[in-house]
Amino acid sequence: MYPKNLSIKDFSYHLPAEKIAKYPLGARDNSKLLVYRNHEIKEDFYYSLHKYIPPSSLLIFNNTRVIEARLLFQKTTGSIVEIFCLEPYKAYSDTSQAMLQKGKVLWKCLAGGAKKWKKETLVKLMKTQEGFIELTAEKKDQSGDSFLIEFSWNNEAITFAEILHLAGVIPLPPYLNREAEANDYKSYQTIYAKYDGSVAAPTAGLHFTEELFKQLERENTKTDFVTLHVGAGTFMPVKTEFIQQHEMHAEFIEVRIELIENLLQCLTDTIIVVGTTSLRTIESIYWMGVKTIVQPGIAPKDLYLTQWEPYEIKATRPVSNTAALEALREWMHKNELQKLITKTQIIIVPGYELKIADALITNFHQPQSTLLLLAAAVVGSKWKDIYQYA
């Protein structure tokens, strides 16, 4: 069946609320580990992960950092408006640039209580060691359910990233059904998080500890990193009957040319991606390489990936993973780029064949979600048995 014709009803299962862990374990690598290999299921613990990693494997992690994307403003009437920062305005080249803005910045946001918020400029006072900082939010435009909001603050020395840290709240996944707590600022963050920009953690990596990394190193396992800033769309269930009608969210990715070199050297080894975001990034790299073959003169601003392109790109001949990565590397050299910063909207669903990744380390996903579709694309129809076992 062509992927667009898949019915979302075929990707559902019973998920009792009490089966969702609302808090992580104190020792991250004590979490249970389900292993699916050679069509068999077994279970272990995360601290034993190294036993299941083939020698000389390459593990790819997403080093994005979760930002405090929820901002609560109180109107003069006393009612609360919650602003959820989705992504930077298109004028900024990437999330990092927007996070480093000083004095003011434009973001695309959702607004809870928006009907009560007309033209009033919202104001929030933040206490620091140097005194109070005033943060304001002003609506500039609206598109569907989202708003273009200008944030401004009266301290030119402070970046927007620092403003969010002072005034914002970590946006926990809605299925946890609880408010963020002080411990979440650390526990809902991977230990290797580096670049601010996500509104959700790449949760498969939350179980990794320093000791587990050391154990993997002792086993000669190699590691590398990509950056995909997770958007709020990752929480969105598929509400359409068929996948074709669902619009996938686009997200910023950053890929260093050194990673592409590393992938080229490891294609004969096992490449394991940690998390669905890492998988989407690695597979997007392949297709962007194909695009540079099909359109050798493509400009950097035009090299991005839309939702269905992987299923529709027409190359004159099959493109191997080696050829795609080499083409992307040469295109980056030609355009004098050490880092590819762009957006991907790729949707990975059953029918998709992995181009670079050989295996996936992931958490479980909600029914009728694009993340469950991705898992089903990796393991096939066996996903039902795996989730039932879990």
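Structural data are supplied above this passage.
Residues numbered from 1 in each chain as written. Predicted model: local features only at pLDDT ≥ 70, side-chain atom pairs only at ≥ 80, totals over all residues. Heavy atoms only, no water.

A.B. asks: Run through the sheet that holds strand β7 (residues 104–112), naming residues and quoting values.
C.D. replies: As summarised here, the arrangement of the 6 strands in space is β5-β6-β7-β10-β9-β8, forming an open sheet in which the pairing is antiparallel. The open sheet terminates on both sides in strands that have one partner only, identified here as β5 (70–74) and β8 (122–128). Across the sheet, the mean angle from the axis of one strand to that of its neighbour is 40°, orientation sign disregarded. One ladder, built from 7 bridges, connects β8 with strand β9 (residues 131–143); its direction is antiparallel. By the bridge assignment for β9, Thr128 is matched with Gly131. Against the sheet, helix α2 (residues 160–167) contacts β5, β6 (80–88), β7, β8, β9 and β10 (146–153), and its axis sits at roughly 85° relative to β8. (Pairing = 2+ DSSP bridges. Helix = DSSP H or I, 4+ residues; strand = E, 2+ residues; numbered from the N terminus. Axes fitted to C-alpha atoms, helices over the stretch in contact; angles between N-to-C directions. Contact = heavy atoms within 4.5 Å.)

A.B. asks: Which residues make up the nonpolar core, and what are the values?
C.D. replies: One recurring pattern in soluble globular proteins is that nonpolar side chains are buried together. In terms of nonpolar packing, the biggest core is built from 67 residues, with Ile60, Leu263, Ile282 and Leu328 touching the most fellow members. Non-local contacts of Leu263, meaning those with residues more than four positions away in its chain, are made with Leu58, Ile60, Ile271, Ile282, Ile285, Leu325 and Ile356. Ranked by size, the runner-up nonpolar core spans 37 residues in total, among them Ala69, Ile83, Leu148 and Ala167. (Core = buried A, V, L, I, M, F, W, Y, C linked by side-chain atoms within 4.5 Å. Buried < 20%, exposed > 50% of the residue type's maximum accessible area, 1.4 Å probe, protein only.)

A.B. asks: Which residues make up helix α5 (residues 257–266), and what values go with them?
C.D. replies: An α-helix turns once every 3.6 residues. As a result, residues three or four positions apart point the same way. Most of α5 sits out of view: 7 of its 10 residues are buried. Taken together, the buried positions of α5 are Ile257, Leu259, Ile260, Asn262, Leu263, Leu264 and Cys266. On its buried face, α5 is in contact with β3 (58–62), β12 (222–228), β13 (251–256), β14 (271–274), α6 (276–294) and α8 (321–334).

A.B. asks: Give a detailed account of the packing of α6 against α8, specifying residues and quantitative values.
C.D. replies: Remark: α6 packs on α8, axes separated minimally by 7 Å, with the N-to-C direction vectors making an angle of 70°. When the interaxial angle is binned, α6 and α8 end up roughly perpendicular. Where α6 approaches α8, its residues Ile285, Tyr286, Met288, Gly289, Val290, Thr292 and Ile293 are matched on the opposing element by Asn321, Ala323, Ala324, Leu325, Ala327, Leu328 and Trp331. Grouping the amino acids of the contact of α6 with α8 by side-chain chemistry returns 11 nonpolar, 3 polar and no charged. (Parallel < 35°, antiparallel > 145°, perpendicular 65-115°, else oblique. Nonpolar A, V, L, I, M, F, W, Y, C, P; charged D, E, K, R; others polar.)

A.B. asks: Mind laying out unusual backbone geometry, listing which residues take part and the relevant values?
C.D. replies: Within the chain, Asn38 stands out as a residue other than glycine whose phi angle is a positive 55°. Within the secondary structure, Asn38 sits in the loop between β1 (32–37) and β2 (40–45). The exposure class assigned to Asn38 is exposed, which follows from its relative accessible area of 65%.

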